[in-house]
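Understanding the architecture of this molecule
Read off the chains here:
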Amino acid sequence: MRYGEILTAGVLALFSIYLMVKSAELPIGFIRGQGPGGGAWPFWLSGIMLICCAMIALNWWRRTSPPSQSDEPFFDNHGWRTIGLVGGGLIAFIGLIEIISMYGAIAVFLFYYLWFLGRHSLALSLILSLATPLLFFFFFEGLMRITMPTGMSFTDPVFDFLYDIIY
Amino acid sequence: MEILGLLGDGMLIALQPLNLLLIFVGVTVGLFIGAMPGLGSVNGVAILLPITFLVPPSGAIIFLAAIYYGAMYGGAISSVTLGIPGASTAVATTFDGRPLAMKGRASLALVTAAIASFIGGSVANIIFTGFAPVLASVALSFGPPEIFALMLLAFATFVGLGGEDIPKTVLSICLGLVLGAIGFDQISGAPRLVLFDINAFLQGIGFLVLAIGVYGIGEMLWTIEQTRGEVENNTPKMTARGMMSDAGEAIREGWKGTAIGSFLGFFVGILPAAGATPASLMSYGVAKMTSRKPEQFGRGSVDGIAAPEAANNSASTGSMLPMLTLGIPGSPTTAILLGGMVIWGLVPGPRLFVDESEFVWGLIGSFYISNMAALFINLAFIPVFIWMLRMPFTILAPMIFVLSIVGGYAATRDMFDIWLILFFGFGALVLRRLDYPLAPAVLAIVLGPIAEPTLRQSLLLSSGDPMIFFNRPVAGPITIIAIILILLPALKLFRRKKPTTAVGE
């Protein structure tokens with residue numbers, strides 16, 4: 001945890017510097033007749049962020065903040081594995097949206113989570129994985145008129161059928 | 001007495017069978033739209049606007065106002081049950097609503113939200129009825145310096161909300177403000193902070209993207225990591241007696257927050273640039289500052305739910321005031337309502353109360369009826385929401401992930417934002433592990449886009465003289481109070497006292 005604290009402060013400090021440089025693409029001072037330049041607000045705020053990072057580093061060195069005093073690992077093996085399985089599932093979910101549509105990706109993700117991670121029965125996992133995207137389809141597309149990504153062209157027949165129902 | 005007579009006539013119009021039906025349908029639809037992460041009153045009103053052309057103008061505006069009311073009540077539901085603030089107006093409700101739900105007191109949280117919303121709405125309706133023209137002129141006297149002073153006051157309350165580690169709290173606020181500045185410079189129109197030259201950043205980072213990332217994805221990852229995915233379900237069954245007992249507790253424990261939210265919410269709500277979001281945030285901050293038990297805030301304080309919920313309902317009614325009396329919308333939703341009124345051939349402004357008296361008083365009467373209907377419909381649905389919470393965590397967790405992604409997409413219709421939500425979710429997990437308060441960042445990204453333009457407009461007005469924030473009769477006292485509140489935590493750095501809890505963490 002102690003190393004996590006200083007590493008994160010370092011990354012945030014670098015990000016603050018990057019934001020300051022990026023903000024300086026617009027004027028950061030006061031322009032007569034126009035007020036503060038367009039980059040002033042983010043530039044000075046990023047500057048304050050940098051100062052805060054320095055103070056966090058100082059607290060880390062003085063071991064005054066709880067994470068800087070902690071010897072426990074950032075995540076233990078089980079924690080990394082859990083985050084990997086759930087986080088990996090989420091990445092795959094979002095990656096699949098533009099391939100098999102939002103609704104298809106919901107079905108796959110729910111089935112993965114319920115059956116593989118949640119250890120629910122196959123029947124329950126299948127029912128929830130199929131019913132939820134259908135419910136969402138009729139709510140968003142039918143009631144709210146909000147169109148979700150339909151994925152690649154091979155999903156068209158399914159959506160043609162569903163759109164025939166609501167339109 | 002004349003006002004009471006007009007209000008009585010207005011209520012009779014609102015109680016006509018068609019209008020009453022529209023109120024009940026509108027409130028129910030609004031409740032469910034508001035409860036869905038990513039959708040708020042603005043979506044409901046915008047989507048259902050075309051339907052209103054099927055009924056007379058008075059019925060149409062009553063229907064839309066009922067949706068608005070219902071959505072304001074509904075915003076608390078996703079904040080409490082899922083931990084995701086569905087709309088910016090419900091951010092502050094998450095801070096205490098979610099912890100209370102995690103303690104198995106979700107019904108108390110939902111009942112508190114419903115009662116506080118009702119009282120907030122009622123207080124606002126009474127003030128609206130009695131003082132509409134006077135308050136409209138007060139709202140009009142608020143220029144950029146006054147609005148910025150108000151934003152400064154809101155930020156000042158955030159510093160106190162962050163907790164013990166001041167550098168991390170200030171960093172969190174600044175990060176939220178900078179993220180809110182991404183996209184275009186609002187004054188010059190020049191592209192600004194297009195990170196890593198990715199064009200998708202030109203559209204900026206919306207509040208919901210950060211909020212869903214932090215509270216939807218990040219919160220769930222945190223819970224799964226901390227509990228090893230074995231969350232104990234301690235939500236009790238809902239009974240009528242339990243709800244009555246919760247209602248009593250909500251009134252006893254939350255009266256102060258409700259009072260603060262009701263009055264402060266209305267006042268902030270009538271200001272054209274402010275609206276329900278700053279109102280709820282400021283009310284939360286003030287409720288914490290004036291509380292005898294400030295350490296309870298962020299851990300499931302009833303006052304912490306009552307204050308923002310009373311405020312966002314009160315502000316919703318308040319934001320109708322400049323719309324009707326001056327033709328100035330106080331929020332995106334009232335902007336759509338204004339558009340609807342113009343389409344129906346009504347001209348909002350001072351003459352509306354004279355020329356279309358029946359319409360105006362029918363609408364005001366419907367506020368009272370909608371508020372009452374929203375309370376009963378909301379209370380009736382609480383057992384359904386509680387039932388949802390009683391689902392096994394291994395079903396609830398993937399549902400929340402799916403709602404976060406779908407809700408995020410519904411709000412922005414951009415896949416880039418969905419990846420950003422995921423990035424913020426993982427970032428929130430790391431930062432939370434290291435005791436960074438994340439609530440101030442979410443609050444800052446909401447208020448930053450209001451604060452920056454008003455600061456720059458004020459400095460333009462004064463040719464760069466910052467004294468404009470001190471020497472105006474309204475802006476001056478607010479600025480001074482805000483500065484005092486900002487300096488208090490700074491003093492805490494040097495005189496460390498007993499630790500306080502970070503809000504929403």
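Counting from 1, residues in each chain are numbered in the order their sequence is written. In the order they appear in the text, chains get letters beginning with A and ligands get numbers beginning with 1. A pLDDT threshold of at least 70 governs which residues receive local features in this predicted model, and a stricter bar of 80 or more applies before side-chain atom pairs are shown or counted, although totals over entire chains, interfaces and linings include all residues.

1. Quick look at the overall build of chain A
- Helices and strands together make up the secondary structure of chain A, namely six helices and two strands.
- What counts as a helix is a DSSP run of H or I of at least four residues, what counts as a strand is a run of E of at least two, and both are numbered from the N terminus. Written out in order from the N terminus, the α and β elements of chain A read α-β-β-α-α-α-α-α.
- At 25 Å, chain A has a C-alpha radius of gyration far larger than the 15 Å of a compact globule built from 167 residues.
- A sequence separation of at least 24 residues applies to 53% of the contacts in chain A between residues at least 6 apart. A radius of gyration in this sense is built from C-alpha atoms; the matching globule rule multiplies 2.2 Å by the number of residues raised to 0.38. A residue pair is marked as a contact if its C-beta atoms, positioned from the backbone, fall within 7 Å.

2. Some remarks on the overall build of chain B
- Counting its regular elements, chain B contains 19 helices and two strands.
- Taken over C-alpha atoms, the radius of gyration comes to 22 Å for chain B, in line with the 23 Å a tight globule of 505 residues would show.
- Residues with at least 20 other C-beta atoms within 10 Å of their own are called buried, those with 12 or fewer are called exposed, and the rest are partly exposed. The C-beta atoms themselves are positioned from the backbone. Evaluated residue by residue, chain B yields a buried proportion of 62% over its 505 residues.
- Look at the contacts in chain B between residues 6 or more apart in sequence, and 81% of them connect residues 24 or more apart.

3. Some remarks on the environment of Thr 157 of chain B
Residues and elements named next belong to chain B.
- Its place among the elements puts Thr 157 in helix 7 (residues 144-161).
- Taking C-alpha positions, Thr 157 is 8.9 Å from Lys 288, a pair spaced 131 residues apart along the chain.
- In contact with Thr 157, other than residues within four places in its own chain, are Met 282, Gly 285, Val 286, Met 289 and Leu 485.

4. What about the nonpolar core?
- By definition, a nonpolar core groups buried Ala, Val, Leu, Ile, Met, Phe, Trp, Tyr and Cys residues that are joined through C-beta atoms within 7 Å. Counting residues in each nonpolar core, the largest one holds 207 residues, and the members touching the most others are Leu 110, Met 151, Leu 210 and Val 442 of chain B.
- Apart from the residues within four sequence positions on either side, Val 442 of chain B is in contact with Val 91, Gly 176, Leu 210, Ala 211 and Val 214 of chain B.

5. Considering helix 1 (residues 2-14) of chain B
Residues and elements named next belong to chain B.
- An expected span of 1.5 Å times one less than the residue number is assigned to each helix. Taking 1.5 Å as the rise per residue, helix 1 with 13 residues should run 18 Å; its terminal C-alpha atoms sit 18 Å apart, in good agreement.
- Of all the positions in helix 1, only Gly 10, Ile 13 and Ala 14 are classed as buried. The buried residues of helix 1 all sit within an arc of 95° when viewed along its axis, so they share a single face. Seen from the buried face of helix 1, the exposed residues on the opposite side, beyond 90 degrees, are Leu 4, Gly 5 and Gly 8.
- Considering only its buried residues, helix 1 is in contact with helix 2 (17-35), helix 4 (57-81) and helix 15 (357-389). The directions from the helix axis to the C-beta atoms form the arc being described.

6. Quick notes on the packing of helix 4 of chain B against helix 12 (residues 302-326) of chain B
Residues and elements named next belong to chain B.
- Convention adopted: a line fitted to C-alpha atoms gives each axis, helices being fitted over their contacting stretch, and angles between N-to-C directions are expressed from 0 to 180 degrees. Following both chains from N to C, one finds helix 4 and helix 12 inclined at 165°, their axes separated by 10 Å at the closest point. If you check the angle between helix 4 and helix 12, you find them roughly antiparallel. You can see that helix 4 and helix 12 cross each other, and the crossing is right-handed. Between helix 4 and helix 12, the residues in contact are Tyr 68, Met 72, Gly 75 and Ala 76 and Glu 309, Asn 312, Asn 313 and Ser 316, respectively.
- Its residues assigned to classes, the contact of helix 4 with helix 12 shows three nonpolar, four polar and one charged. Comment on the angle field: the value is read as roughly parallel under 35 degrees, roughly antiparallel over 145, roughly perpendicular from 65 to 115, and oblique elsewhere. Crossing handedness: left-handed means the near helix sits turned counterclockwise from the far one by under a right angle, and right-handed means the same turn made clockwise. Side-chain classes are defined by residue name, with Ala, Val, Leu, Ile, Met, Phe, Trp, Tyr, Cys and Pro counting as nonpolar, Asp, Glu, Lys and Arg as charged, and the others, Gly among them, as polar.

7. A word on the interface of chain B and chain A
- Contact with chain B, which involves 47 residues of that partner, is made by 59 residues of chain A.
- Looking at the side of chain B that touches chain A, the element that brings in the most residues is helix 16 (residues 393-412) of chain B, giving nine residues.
- For the side of chain B that touches chain A, the residue count by class is 32 nonpolar, five polar and 10 charged.

8. Describing helix 11 (residues 276-290) of chain B
All names here are of chain B.
- End to end, helix 11 covers 21 Å across 15 residues, agreeing with the expected 21 Å (1.5 Å per residue, within 8%).
- Within helix 11, 12 of the 15 residues are buried, leaving the element largely enclosed by the surrounding structure.
- The set of residues buried in helix 11 consists of Ala 276, Thr 277, Pro 278, Ala 279, Ser 280, Leu 281, Met 282, Ser 283, Tyr 284, Gly 285, Ala 287 and Lys 288.

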